[in-house]
Every structure is written in structure tokens, then in C-alpha cells.
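Chain by chain, the residues:
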Amino acid sequence: MSPSKYAPDFRLVGYRAASDAVEERFYGRFAAVEDMLTALAEHHSADARHSFHVLHDRTATWGIPGEPQLIALHIARDLGERTFTFEHAMLPLLAMAQSWLVSRGCPRKGIRLPPGMGTTAADEMTTALQDRLVSDGHAFALIDSYTNDHTNRPQITVLLRALDETDPHPFRVLVEEADLAKYTHTLREGGFPTYDAAVSYFNDPDGVRQKPPTTHLPQRAVPAPYASGPTSPRRR
């Protein structure tokens, strides 16, 4: 299939950046590398004021090992002034990118992957956790993540902390693993009472997938990146 089929549609013809700073940031982050961005999902509001995108950044593979490869992008237009502004976030998981966009006004159904795009959930547990991530993303902060795509079974590991200080298991580790032979993926979650315990699993994601700790995780407690974490256990 032609790469142009998956090019992002920013819909900025006839618009200018709202300021020089906006123009510089948008050009450096998006326009200059547009041919390296794959549009996974996008939604444009009926009144043309807003566009929401989930993009895969192929340049991330050449950057710092383990960095997130997905971009959530929200473009806002002033129809009268014919100007635009934008905000974006680099995120490790599709559900986290979708949650970020939903919190900024994107309809949940509007930012789903189209049929045939990406891998599909391998089981009900994966589907349920993904749904929770999209729905209640305000509950957790992203501390760190590690994306390993140099294998036949790509794996993404994510470390989060609950924003609710009364949560008895405030640290969570998510592990997503893809099976490229079947074109499916699984997502699993482990809950931890301490940062050190969570980091040990973050650095050993097989432990989360095969033998998660026996803790009860409330259905409302769902991770997503709305705040910065205090520290980073970045793996070497």
C-alpha cells in the first residue's frame, strides 16, 4: 500500500499559525517530518474547529532507545482569524493517546482505529483494560515507559502512579506484547504498594505478564498520562 494513504491530514490549508512560536514548534515537530508520520486514527469536528490525531512517529526508532513512538495531537482553529494552535503528547500506548484526546473533547468513537489498522486485542482482559485506559485516564500519572520494537514480539512497558494519595497500590505497571504472527496483542496490569516494588517489575516485564501480584485493582483506577512522574527508573 502507498505510504501516502496513511499520511496525516492536518487540514491547515488557508490557515496560519497563531504566533511565530506556534509556527516554529509545529514545523519542527510535524511539518518537517510529515513523511515519517503515519496516521493511525484521526477525527475532525463537524464545525472544522478541531482535529484530533493519533500518529506513529517512525523517527522515534532512531532516537533514544525505549522512547514512546505514538503522538496524540490536538489542533484548534480560529475560523474568523484563520489561525491555528496545537498541543501534543508523546505516549507509549494507543489507549493512552486516545484517552489524552478524549479529555480534550474528541468523541471516543471518533478516535478508534479503523478496521485493518494495527493489531487486535487477543483476549477479553486486554479489551477491558484498554477500555478503562481510555475512559478514566485522569486517575494516573505517567512516570516512565519503555518501547522495545527490536524483536518478533514487540513489547511496551509502562510505569504509572495514582493521583489519588489514598490508593493502597498507587504504582502500576502495564505490559503490552504483540504477536506479529497472529497480528494480535495482549495488555496486562500489576499493582504495587511501593515505588521500588514497581520498578523491579518495570525492569522485568515478563514478571508482570506471567505472574502478576495478587492485588485487587479497583475498576475505576485506570492509568494515563495527565501529570509528570517524580522520578524515572529508565532501563539501560
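Scope of this entry: the structure provided in the associated data block.

Definitions and cut-offs
Residues numbered from 1 in each chain as written. Predicted model: local features only at pLDDT ≥ 70, side-chain atom pairs only at ≥ 80, totals over all residues. Heavy atoms only, no water. Helix = DSSP H or I, 4+ residues; strand = E, 2+ residues; numbered from the N terminus. Buried < 20%, exposed > 50% of the residue type's maximum accessible area, 1.4 Å probe, protein only. Contact = heavy atoms within 4.5 Å. Areas by Shrake-Rupley, 256 points an atom, 1.4 Å probe, with all protein chains shown as cover. Pairing = 2+ DSSP bridges. Axes fitted to C-alpha atoms, helices over the stretch in contact; angles between N-to-C directions.

The subject of this paragraph is the overall build of the protein. A tally of regular secondary structure across the protein gives five helices and ten strands. By residue count, 47% of the 236 residues in the protein fall in the buried class. In the protein, the proportion of contacts linking residues at least 24 apart, taken out of those at least 6 apart, comes to 60%. For the protein, the exposed surface amounts to about 12,100 Å²; the carbon and sulfur share of it is 53%.

Turning next to the environment of His88. With respect to the helices, strands and loops of the structure, His88 is situated in strand β5 (residues 83–91). Residue His88 is classed as partly exposed on the basis of its relative accessible area, which comes to 30%. Note: C-alpha distance between His88 and Phe26 (62 residues apart in sequence) is 10.0 Å. Residues in contact with His88, not counting those within four places in the same chain, are Arg29, Phe30, Ile71, Ala72, Leu73 and Trp100.

The next thing to look at is the sheet that holds strand β4 (residues 70–78). In a beta sheet, neighbouring strands are held together by backbone hydrogen bonds and run either parallel or antiparallel to one another. One open sheet accounts for five strands, arranged β1-β5-β4-β3-β2; its pairing is mixed. On the outer flanks of this sheet lie β1 (16–17) and β2 (37–44), each paired with one strand and no other. Here strand β3 (residues 50–57) runs beside β4; their pairing, made up of seven bridges, is antiparallel. Counted as the bridge partner of His53 is Leu73 from β4. Against the sheet, helix α1 (residues 20–29) engages β1, β3, β4 and β5, with an angle of about 45 degrees to β5. Strands in contact with helix α2 (residues 94–102) are β3, β4 and β5; relative to β4, the strand with the most contacts, it is inclined by about 20 degrees.

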